Amino acid sequence: RMCSPCLLVTNHEGQRFPVVKTSEDSDAMMFDRILCDVPCSGDGTLRKAPDLWRRWNCGMGLGLHALQLQIAIKACKLLQVGGRLVYSTCSFN
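As the structure is a prediction and not an experimental result, all values here were calculated from the model.

Criteria and thresholds
- Residues numbered from 1 in each chain as written.
- Predicted model: local features only at pLDDT ≥ 70, side-chain atom pairs only at ≥ 80, totals over all residues.
- Heavy atoms only, no water.
- Core = buried A, V, L, I, M, F, W, Y, C linked by side-chain atoms within 4.5 Å.
- Buried < 20%, exposed > 50% of the residue type's maximum accessible area, 1.4 Å probe, protein only.
- Helix = DSSP H or I, 4+ residues; strand = E, 2+ residues; numbered from the N terminus.
- Contact = heavy atoms within 4.5 Å.
- Expected span 1.5 Å × (residues − 1).
- Arc of directions from axis to C-beta.

Asker: How should I be thinking about the nonpolar core in this particular structure?
Answerer: Looking at soluble globular proteins, one finds that nonpolar side chains tend to be buried together. Of all hydrophobic cores here, the largest spans nine residues; its members are Phe17, Phe31, Ile34, Cys36, Val38, Ile71, Ala75, Leu78 and Leu79. Where this core is concerned, the elements lending two or more residues are strand 1 (31-37) and helix 3 (65-78). If sequence neighbours within four positions are ignored, Ala75 has contacts with Ile34, Cys36 and Leu85.

Quick look at the structure:
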């Protein structure tokens, strides 16, 4: 939908996204915009899934926090100065 000649869409583990170089002696490629759609704990879907209320506990929310943080940190390292990072998750916590 974007019709952009400079669009890169990946399905890769964000916390391990590789450093991209155009040649061996070039600097790492930096991105001007990054969208991180990180894994969620499911608590954002409580309204749609009433059975989740009985099963949900704090561990479900805390269990993904480290991964979500790793992805956000990696994205910040790949973002050029003045770039835009959009961070998306359905987790409330």
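From this point, things continue past the structure.
Asker: How do you make sense of the environment of Val81 when you look at a structure like this?
Answerer: Position of Val81 relative to the elements: it lies in strand 2 (residues 79-88). Given a relative accessible area of 86%, Val81 falls into the exposed group. As for Val81 and Phe31, which are separated by 50 residues in sequence, their C-alpha atoms are 9.2 Å apart.

Asker: What exactly am I supposed to notice about helix 3 here?
Answerer: Helical geometry: 3.6 residues make up each α-helical turn, so side chains three or four residues apart lie on a common side. When the terminal C-alpha atoms of helix 3 are compared, their 20 Å separation across 14 residues agrees well with the 20 Å that a helix rising 1.5 Å per residue should span. Listed in full, the buried residues belonging to helix 3 are Gln68, Ile71, Ala72, Lys74, Ala75 and Leu78. Taken end-on, helix 3 shows its buried residues confined to a sector of 165°, consistent with a single buried face. Contact partners of the buried residues in helix 3: strand 1 and strand 2.

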